[in-house]
Amino acid sequence: MYSFSNKNAQSDVHRFEAHASDADLADLRARLAAARLPERETVYRPAPDPRRWDQGVPLADLSDLVDYWRTGYDWRAFEARLNRIGQFRTTIDGLAIHFLHRRSARADATPLILTHGWPGSVAEFAHVIDALADPENPDAPAFHVVAPSLPGFGYSDKPTGTGWGIGKIAAAWVELMGRLGYDRFMAHGGDWGGVITTVLGGRFPASVVGIHTVLAQAPPGLATDGLTAAERKWAEDTRAFWRQRAAYAKQQATRPQTIGYALVDSPVGLLAWILDKFFEWTDTEDSPFETISRDRILDDVTLYWLTRTGASAARIYAESHGGVNALDPGLRVDVPSAISIYPCDIEKCPRAWAQERYRQIVRWKTPEAGGHFPSLEVPGYFITDLQEGLAAVLAASGSSP
């Protein structure tokens, strides 16, 4: 469906370094200091009690994090980490795509593309890339890791027109990997990255050796007959999520420009919009900071803030929720697939349903802990799970890329 020029044009790839201006950081601190906050939520309960989040982010939690963001958080440390990994940009169909690229020192390393979702970013992977590229265990697989920023996210350009949905992004990733000399590669993703990874495996089997995903999406209309009680609850919980807890997605799919003004103009508004998901979608009881540090969450939020991508990132919902750019109901993935369903994720697909789309599931895992952001919540387990899952994929493929 999509065709891009300059295949394997490595000269079109340019090194990039992140460096926010001192003025932008000073402006952020000034806005945080001048923030106007609402009154305390009327459902207030003392911590620890997850019900105190019933109306969204509690005032006490937000106030504490805003103060730390202003006085204690070190953006320069995260910026330096991105630069150490290696950052690049390349233009595909008129849009500059930013990506991290860390080549392994191992001769047997396999190319791997990691795709984030919303409200994530490349910050989801910054602290696991080294271990994936050069694992301490010599028996673990090693990868040449590529982690692009989705169009409209981070240091990628913001699309000025429509069309950058999941299908076009997947095709752009094939082009990107080809420019880096990786004509055959593996793919991993979660959230929108999981959907894009599914499209990669389904539409581009000549390029994709196999996939690992933490988001399996079955074809629509499957019956619950034959599911176990636990699987039936998974299906019911997923339906309940989309009926009752997906107002954010409806807003961003239908009115991304409207919410975008708040997300680009107010750092507190942006923080609250994203922090709400880091609580609700993680394996926690009373606070997202039970499993993810304040710094890791602020790495992500600050990246959105400094790149002014609150509105442009929200548009992936408008581009890919429903209509011609949505996930094709008839898409089937025949390449080897490893799937991990974390217990506190927002969508949990029964294996019997997943098999209707993913025709060669070579590894199926249901971890005991973790939610929507496993690389941040349980990074050690995530690394091992990804290594073992992709090792199974590579073995099933019968060839080395």
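First things first, this report covers the structure right here in the doc.

Rules of the game
Residues numbered from 1 in each chain as written. Predicted model: local features only at pLDDT ≥ 70, side-chain atom pairs only at ≥ 80, totals over all residues. Heavy atoms only, no water. Helix = DSSP H or I, 4+ residues; strand = E, 2+ residues; numbered from the N terminus. Expected span 1.5 Å × (residues − 1). Buried < 20%, exposed > 50% of the residue type's maximum accessible area, 1.4 Å probe, protein only. Arc of directions from axis to C-beta. Contact = heavy atoms within 4.5 Å. Axes fitted to C-alpha atoms, helices over the stretch in contact; angles between N-to-C directions. Parallel < 35°, antiparallel > 145°, perpendicular 65-115°, else oblique. Nonpolar A, V, L, I, M, F, W, Y, C, P; charged D, E, K, R; others polar. Polar contact = N/O pair within 3.5 Å; in protein donor to acceptor, adjacent residues only side chain to side chain. Phe/Tyr/Trp six-rings, centres within 6.5 Å; stacked < 30°, edge-to-face > 60°. Lys NZ or Arg CZ within 6 Å of the ring centre and 35° of its normal. 1 Å grid on protein atoms, 1.4 Å probe; cavity = no way out; pocket = protein on both sides within 12 Å on 5 of 7 lines; lining within 4 Å. Points joined across faces, edges and corners; volume = space filled by probe spheres on them. Left-handed = near helix turned anticlockwise from the far one by under 90°.

Before going further, it helps to spend a moment on helix α2 (residues 59-71). Over its 13 residues, α2 extends 18 Å from the first C-alpha to the last, a length consistent with the 18 Å expected when each residue adds 1.5 Å. When α2 is considered as a whole, its buried residues turn out to be Asp-61, Leu-62, Leu-65, Val-66, Tyr-68 and Trp-69. The arc that holds the buried residues of α2, viewed along the axis, is 165 degrees, so those residues lie on one side. For α2, the exposed residues set more than 90 degrees away from the buried face come down to Asp-64 and Thr-71. Close packing links the buried residues of α2 with α1 (22-33), α10 (267-280) and α11 (294-307).

Let us look at the packing of helix α8 (residues 247-254) against helix α12 (residues 310-320). In contact at an axis separation of 7 Å, α8 and α12 are set at 85 degrees when each is read in the N-to-C sense. Classified by the angle their axes make, α8 and α12 are roughly perpendicular. Seen from α8, the contacting residues are Tyr-248, Ala-249, Gln-252 and Ala-253; seen from α12, they are Ala-314, Tyr-317 and Ala-318. Of the residues in the contact of α8 with α12, the class split is 6 nonpolar, 1 polar and no charged.

For the rest of this paragraph, the subject is helix α3 (residues 75-85). Listing the buried residues of α3 in full gives Trp-75, Phe-78, Glu-79, Leu-82 and Ile-85. The arc that holds every buried residue of α3, seen down its axis, measures 125 degrees, which confines them to one face. Buried positions along α3 lie against α1, β2 (87-92), β3 (95-102), α4 (129-133) and α11. N-cap assignment for α3: the residue whose side-chain oxygen lies 3.1 Å from the backbone N of Arg-76 is Asp-74. Note on α3: the residue one or two positions beyond its end, Gly-86, has a positive phi of about 115 degrees.

Moving on: the packing of aromatic side chains. One pass over the full model with this rule turns up 17 aromatic pairs. Geometrically, the ring pair formed by Phe-153 and Tyr-304 is edge-to-face, given 6.1 Å between the ring centres and 65 degrees between the ring planes. Of this pair, Phe-153 sits in the loop between β5 (143-148) and α5 (166-179) while Tyr-304 is found in helix α11, placing the two residues 151 residues apart along the sequence. Tyr-304 carries the same exposure label as Phe-153, and that label is buried. Aromatic side chains Phe-241 and Tyr-248 sit 6.4 Å apart centroid to centroid with 55 degrees between the ring planes, which places their arrangement in the tilted category. The residues Phe-241 and Tyr-248 share a single accessibility class, namely buried. Grouping aromatic residues by their ring pairs yields a cluster made of Trp-118, Trp-192, Phe-241, Trp-242, Tyr-248, Phe-278, Trp-281, Tyr-317 and Phe-373. Above the ring of Trp-164, the side-chain terminus of Lys-168 is found at 4.4 Å from the ring centroid. One Lys or Arg, Arg-294, reaches over the ring of Tyr-68 and ends 3.7 Å from the middle of that ring.

Summed over the entire model, instances satisfying the criterion amount to 2 cavities of 30 Å³ or more. Around the largest cavity sit 16 residues that line it, and Glu-124, Gly-190, Val-214, His-372 and Pro-374 are the ones nearest its centre. Secondary structure elements with two or more residues in the lining of the largest cavity: β6 (185-189) and α14 (374-377). For the lining of the largest cavity, the residue count by class is 6 nonpolar, 8 polar and 2 charged.

Before going further, it helps to examine the packing of helix α9 (residues 256-265) against α12. Look at α9 against α12: their axes get within 8 Å of each other, and the N-to-C directions meet at 155 degrees. Our classification of the angle between α9 and α12 gives roughly antiparallel. Read as a crossing pair, α9 and α12 show a hand that is right-handed. Between α9, through Pro-256, Gln-257, Gly-260, Leu-263 and Val-264, and α12, the contact on the second element is made entirely by Gly-310, Ala-311, Ala-314, Arg-315 and Ala-318. Broken down by class, the residue content of the contact of α9 with α12 amounts to 6 nonpolar, 3 polar and 1 charged.

Moving on: the side chain of Gln-387. Secondary-structure assignment places Gln-387 in helix α15 (residues 379-397). Gln-387 sits in the buried class, given a relative accessible area of 10%. The contact partners of Gln-387, leaving out residues within four places of it in the chain, are Ala-131, Leu-132, Pro-135, Ala-140, Pro-141 and Phe-143.

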